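# Structure at a glance
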Amino acid sequence: MSIPAVGEPAPDFTLPGMIVRGGARADDEYSRTSVVGRPLVLAFYPGDATPVCTAQLCSYQEELDDFADLGAVVWGISPQALDSHEAFARGSSLTFPLLSDTSGEVIRAYGVNAPGLPLRRSVFVIGPDGLVRWRHVGLVGLRFPKAEAIRHQVELLVA
């Protein structure tokens, strides 16, 4: 599938995910439509506990309070299973949900699949109306948008 353009509806999905807070893991199902009315930041990343993915998601963790103050929700999505996500979250002190797309269905729906790679490192900001409002899709996957740049895009939605 093609990458949804800015202004197009974000593909709907429901994925299993987990979050570690206060030392406890909580599993749940996460649906894009469950957060309609709030900005949603989807961070697609290739692998748990890899150097670049750790740097990326830890940078978003550092800004998590600022995202929450803007009413935004942040979710990470990768093809690893929930147990791998738990170990990554604990090891990196991540307190936002990590979703598991083991089938690659959502990765394909967002057009971020890549031959020979788990996925193309990508971030989508979805507006409260369910439309893609900003996106960054990496070509190789070694670079990622900084949290400040994403926060700025969310600020534009809620201004």
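Notes on the structure follow. (Residues numbered from 1 in each chain as written. Predicted model: local features only at pLDDT ≥ 70, side-chain atom pairs only at ≥ 80, totals over all residues. Heavy atoms only, no water.)

## Remarks on helix 3 (residues 82-92)
When helix 3 is considered as a whole, its buried residues turn out to be L82, H85, E86, F88, A89 and S92. With its buried residues spanning 165° around the axis, helix 3 presents them on a single face. With respect to the buried face of helix 3, the exposed residues turned more than 90 degrees away are D83, A87 and G91. Lining the buried residues of helix 3 we find strand 1 (14-21), strand 2 (24-31), helix 1 (51-62), strand 4 (73-78) and strand 5 (98-100). (Buried < 20%, exposed > 50% of the residue type's maximum accessible area, 1.4 Å probe, protein only. Helix = DSSP H or I, 4+ residues; strand = E, 2+ residues; numbered from the N terminus. Arc of directions from axis to C-beta. Contact = heavy atoms within 4.5 Å.)

## Observations regarding the side chain of S31
Residue placement: S31 occurs in strand 2. Side-chain polar atoms of S31 contact the backbone oxygen of F13, separated by 3.4 Å. (Polar contact = N/O pair within 3.5 Å; in protein donor to acceptor, adjacent residues only side chain to side chain.)

## Structural notes on the nonpolar core
With 25 residues, the main nonpolar core has V41, L57, Y60, L98 and I150 as its most contacted residues. When neighbours within four sequence positions are excluded, L98 is seen to be in contact with P16, G17, M18, Y45, L57, G76, L82, H85, F88 and A89. Counting residues in hydrophobic clusters, the runner-up holds 23 residues, among them V35, F44, W75 and I126. (Core = buried A, V, L, I, M, F, W, Y, C linked by side-chain atoms within 4.5 Å.)

## Section: the sheet that holds strand 3 (residues 40-44)
Sheet strands line up and pair through hydrogen bonds in the backbone, either parallel or antiparallel. One open sheet holds the 7 strands; their spatial order is 2-1-5-4-3-6-7, and the pairing between them is mixed. Looking at which strands have only one partner, the edges of the open sheet turn out to be strand 2 and strand 7 (132-137). Going across the sheet, the axis of each strand differs from the next one's by a mean of 25°, ignoring polarity. On top of the sheet, helix 1 reaches strand 3, strand 5 and strand 6 (122-126); it is set at about 160° to strand 3, its chief contact. In the packing of helix 3 onto the sheet, the strands contacted are strand 1, strand 2, strand 4 and strand 5, and the crossing angle to strand 1 comes to about 30°. (Pairing = 2+ DSSP bridges. Axes fitted to C-alpha atoms, helices over the stretch in contact; angles between N-to-C directions.)

Limitation: the analysis is restricted to geometry and does not speak to function.
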